[in-house]
Every structure is written in structure tokens, then in C-alpha cells.
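Secondary and tertiary structure notes
Each chain, written out:
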Amino acid sequence: MAQPAFAPLFHANGGPDFLAVIPDMFLDDAGPSANPRFRDLHRMIGLLDAVELPQVAHHLAASLASAVEPDPDYVEAMANWADRWNCAWVSDHLAFMEIAAPGGASTAGLALTPPFDRQILDLMVPRIQRLLARLRRPFLIENSAYFVRFEDSELDEPAFLNELCARSGCGLLLDLHNLYVNAVNFGFDPFAFLGGLDLSRVVEIHIAGGCELEGVWSDAHAGPPPEPVWALLDACARRCPNLRAVTFEMHESWLPEVGMDAVAATLARARALWPAAAAGRRGRT
Amino acid sequence: MSLADFQRALAALSASPQMVRDLRAGRRSVLDGFDLSPRERARLQHAANAPGMAAQCSLYRIMRLAALNAVLPRTLAALGSAVGPLVEAYWTSCPLHDLRFLPEAERFVAFLKRHPELLAHAAGTAADAVSDLLRIEFAIARAHRATLRGAASTVTRYRYRPSALLEAAAAGLGVLAALPRGRFQLRIETAPAGITLWEGPIDTAGQPSTMVISTRRAWS
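To keep things clear, this report deals only with the structure shown in the data block. (Residues numbered from 1 in each chain as written. Chains lettered and ligands numbered in written order. Predicted model: local features only at pLDDT ≥ 70, side-chain atom pairs only at ≥ 80, totals over all residues. Heavy atoms only, no water.)

**Concerning the pattern of salt bridges**
Selection rule: By convention in these notes, a salt bridge is any Lys or Arg side-chain nitrogen within 4 Å of a carboxyl oxygen on Asp or Glu. Helix and strand assignments follow DSSP, with helices taken as H or I runs no shorter than four residues and strands as E runs no shorter than two, numbered in order from the N terminus. Buried residues are those whose accessible area, probed at 1.4 Å on protein chains only, stays under 20% of the maximum for their type, while exposed residues exceed 50% and partly exposed ones sit between those limits.
For the structure shown, the criterion picks out 34 salt bridges over all chains. As a salt-bridge pair, Glu-88 of chain B and Arg-61 of chain B come within 2.6 Å of each other at their nearest N and O atoms. Linking Glu-88 of chain B in helix α6 (residues 83-93) with Arg-61 of chain B in helix α4 (residues 53-71), this pair joins segments that are 27 residues apart in sequence. Residue classification places Glu-88 of chain B among the partly exposed positions, given a relative accessible area of 29%. On the accessibility criterion, Arg-61 of chain B (13% relative accessible area) is buried. Taken together, the shared-partner salt bridges in this structure form one network comprising Asp-117, Asp-152 and Glu-154 of chain A together with Arg-39 and Arg-43 of chain B.

Structure representation (C-alpha cells):
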């Protein structure tokens, strides 16, 4: 992930092969009445100007599962960013943040995962189709980590993701740490989850580390992935025929505790898996 | 409106541990303000009972506090643990968040202006100093935002020397309370290249003459 604290690694041997950029961190939203509404955060943009790595855009706030329509200015900003940096693809989360409230939409303060209902599918499919048309490049939806899940959902999560991708035409950003978080907190088998997922839709995989929060495991991006996440990566990377990238997500605030060597070692370990995974994918096609 | 209200209610639960406790205790009337189907009511009850709900409430607090800290870091550092009751009162009043940090901070500043008793209770004898510090930090953040609009100059007045407040903030409320009071003015000059702050006693004739800080542009 592109954050200033990791900049020394961008130019180092063994550094990343590409950057997953969160445009929300690089743009200032001056509000709906401002023109231009989204402006560069000068010091952050300098980070990207200084490197010549391929980029993908990973957004936080499209709020595609919200009861209110996505902000058209935000969608436009997504497209402009992708064009500007020639992003290979664009992604956001299976979540809602925008809340319909008296006086206009506002946000929930955190991304929330909806029940896996057909009503949500029917909302999201045309939104993603419009987004794909505007972006003119692949769009991926990411499976979210959640602390509350609705057992009476009309579909299970893999079936929901499969149908969402098939009907909308989007790809899947499979976050294996999010899957691990949910499996730990809700006591299900993550390998069975993978077994139910259409892995041909997976274009990018996220790996990350977490920490305990209020008695549950959280998606804190707190350091190298735990061993079970590596096991999930090993098991599924070779079964994803269209996989193009594995991204290590870590929040820079953890860097003093974790250390740059551990970050570099994580990249090296993920990179070492790639040839076997690629061979496995070739063998399956 | 049912889905919209369900999402609003789930967000409200994340914002309010009290609402979670009420639902757990069977006080379902806390959902009366939302247009919900029976299934949605049952789902919100399930959410309130979920072991992960405490983490969800904590994550909400982490996210909203991070937004305020991005704009008002010295004020929050000065308040230390005393910031807890202030932000809880603010979040109860404004449970929905503005993703834009500056408007979110502006709402917090306006809330404290409407409720000076909360700041007085939290900061004690340092309340006036913290109030000035809050205004200064917000004025600086707003000036950074204004750099795109060209050159401007504003003068505001304080009870404490602005540079002393900015320097002493991290030391906490005890140090702020001991700062000498006076009558000071702060001039903020905004230009496309950045902002410059000048301070001086009000009683001095002319413009404030001591440079406090000069920063390059944050937005381009």
C-alpha cells in the first residue's frame, strides 16, 4: 500500500512490483459546492510522482451497498484518478457508509457490511455496471471484514459474491485476512468458504495482519499476516486462473513496532509463492 | 424507507454503546424512531447481542477520533483522557460522520461553542486556554484549506499567547492552566504558497509582529 512511511522500500531491491493506492488518502474533498471538489494533497501526490511503479486504485467510500445512490462526484473522481495514473483496475468494498439522513446523506463513521440479501444484490448490480461503463477498466469488489453478520441472510457470502460478480461483470478482490477475521470471529471454515467461491473471478488478493480488539480479531493491518492467512494464500492462489496481483496491506502507524525488515520479508515471502501459484494456475487451464 | 432506516439504525448502534445496552436489556423502544420491518428489528436486536458489537463501537470511535486528530492534534493532546466525555457527548449529538476532516472538526468546534459547560468540566482551570487552542488550531487548518483561493489576511484575538499555547499543548492541562493570561492577537496570512502566522499583544499599536509559524502549501 502506498503510504509515505514505506517510500524507502519503493526504490529498494526486493521492494513492491506495483502500488495499491487508496486515492481517498491523496485527495482532499472540499465538499459538493466546491469547484474543483477533489484536490490533490500536495505532499501525498509527491509520493506517487517519485516512483514509476504500476498502480491499482483501492477506494474506501463508493458505498455501493448503501440505500442511497453513490455520490456521482465521487464516482467521477474514481474515474479521473484511474485515468490519470493508468490504473490497471479499480476496487472498493462490499459495504455501505453513506446513510440516508434528514438533511441529506451522511456517513456511518465506519464501513458496515449489509445482510447478503437479494435486495442488496439488486441495488449493487446496476451501480457496478454503471461504474464499469464510466471507469472503462476492470472493477473489483472486496469481501469485507465484519463484526456483525446476519445469519438469516438470503444467500451465504460466497453465493452472494458469485452472483454479484456474474450479474454485474465485476471481478473479485479476495481479502484473505478479512476472510480469516470472519472465520475466527464466527467460527466457520475459511477453506470451505473458498470452496464455494468462483475463484475465476479473483483478480487481486489482499493479505494483512490484525490484532485483538474488544475480544474479537480485527482487520487492523497491523503487520505481517498470521500463518493461517499464508496457508489460505498457498491453497487458493494456484486455483485463481485470473489472479494478477497479491497486495500486502499494512498501516504505516504500525511500522515502528513491526519494522521495515519484517515488511520486506513479507513481500519476499509472497513473491516466493508466485511461481508455484502461476504454475498451478497454468496447470488448471 | 425501510432499508435506509435499517442502515441508519445499524450506524446508530455502532455510534452508541448506550443504545446497544438498551437493546440488550429489552428496551426496544430505542428503535421507535426508525421505520423498520419486523425482520429488520430482529436483525438489529441480533446485532446488539453480537459479541463483536463492542469492537464495532470501538472502531467507530477510532475512526471518528482520527478525523478530529487530523485537524486538532494539539487540542486533543492537551486534553488527554479528558477528551473522552467531550467526544462522547459530541457523537451522541451528531452520530453520523462527515468523511471530510475539516467540516467534521468544524462541527465539533461548533458543538463545544454551544456547550461551554462541557469544556469547562473536562478541562477545569485550563478551559479558557484549551478553548483558545481549539480556535487557533481550527483557524490554522481552515487557512491551509483557503490557500487555493488566493491571498487573505485575518486577525483574531485570544486570552493566551498563541505560540505559547501551541508549544505547551503536549504538556497537558496543568501546564496550559499555568500560562500567563493577557490580550493577544494572531494574524494569519494566507497565500497560494502557504500560510504565515504573526502574533503580538493587542495593546501594541499596529499589526502583530512576531512570526509564530510559516508552512508551505498543503493543497495544490
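**A few points about the packing of aromatic side chains**
Residues and elements named next belong to chain A. Just so we agree on the cut-off: Pairs were defined over the aromatic rings of Phe, Tyr and Trp, the Trp ring being its six-membered one, requiring ring centres within 6.5 Å. Orientation was assigned from the angle between planes: stacked under 30 degrees, edge-to-face over 60, tilted for the rest.
Scanning the model with the defined rule gives twelve aromatic pairs over all chains in all. A centroid spacing of 5.4 Å and a plane angle of 55° characterise the contact between Phe-116 and Phe-160, whose relative ring orientation is tilted. Placement of the pair is Phe-116 in the loop between β7 (106-112) and α4 (118-135) and Phe-160 in helix α5 (residues 157-168), with a sequence separation of 44 residues. Taken individually, Phe-116 and Phe-160 each receive the classification buried, so the pair is uniform in this respect. In this structure an aromatic cluster arises from ring pairing among Phe-116, Tyr-146, Phe-160 and Phe-186.

**Observations regarding the nonpolar core**
To be explicit about the condition: Residue types Ala, Val, Leu, Ile, Met, Phe, Trp, Tyr and Cys, when buried and joined through side-chain atoms within 4.5 Å, form a set referred to as a nonpolar core. Note that the domain bounds reflect an automated or database-derived domain assignment. It only takes one pair of heavy atoms within 4.5 Å for two residues to be counted as in contact.
Counting 152 residues, the largest nonpolar core has Phe-139 and Ile-141 of chain A as its most contacted members. Both domain 1 (2-50) and domain 2 (70-216) of chain B contribute no fewer than three residues apiece to this core. When residues no more than four places from it in sequence are discounted, the contact partners of Phe-139 of chain A are Leu-64, Met-78, Val-90, Ser-91, Asp-92, Ile-128, Leu-131, Leu-132, Cys-170 and Gly-171 of chain A. Counting residues in hydrophobic clusters, the runner-up holds eight residues, among them Phe-18, Ala-20, Val-56 and Leu-140 of chain A.

**Quick word on the sheet that holds strand β9 (residues 171-175) of chain A**
Residues and elements named next belong to chain A. Worth spelling out the cut-off: We treat two strands as partners when DSSP finds at least two bridges between them. To get an axis, a line is fitted to the C-alpha atoms, and for a helix only the part in contact is used. The angle between two axes follows their N-to-C directions and goes from 0 to 180 degrees.
Read from one edge of the open sheet, seven strands run β1-β4-β5-β8-β9-β10-β13, paired in parallel fashion. With partners counted over all chains shown, the strands left at the sheet margins are β1 (19-21) and β13 (245-249), one partner each. Strand-to-strand twist across the sheet, computed as the mean angle between neighbouring axes with direction ignored, equals 25°. Here β9 runs beside strand β10 (residues 202-208); their pairing, made up of four bridges, is parallel. Bridging across to β10, Asp-175 finds its partner in His-206. Docked against the sheet, α4 engages β5 (90-93) and β8 (139-142), running at close to 140° with respect to β8.

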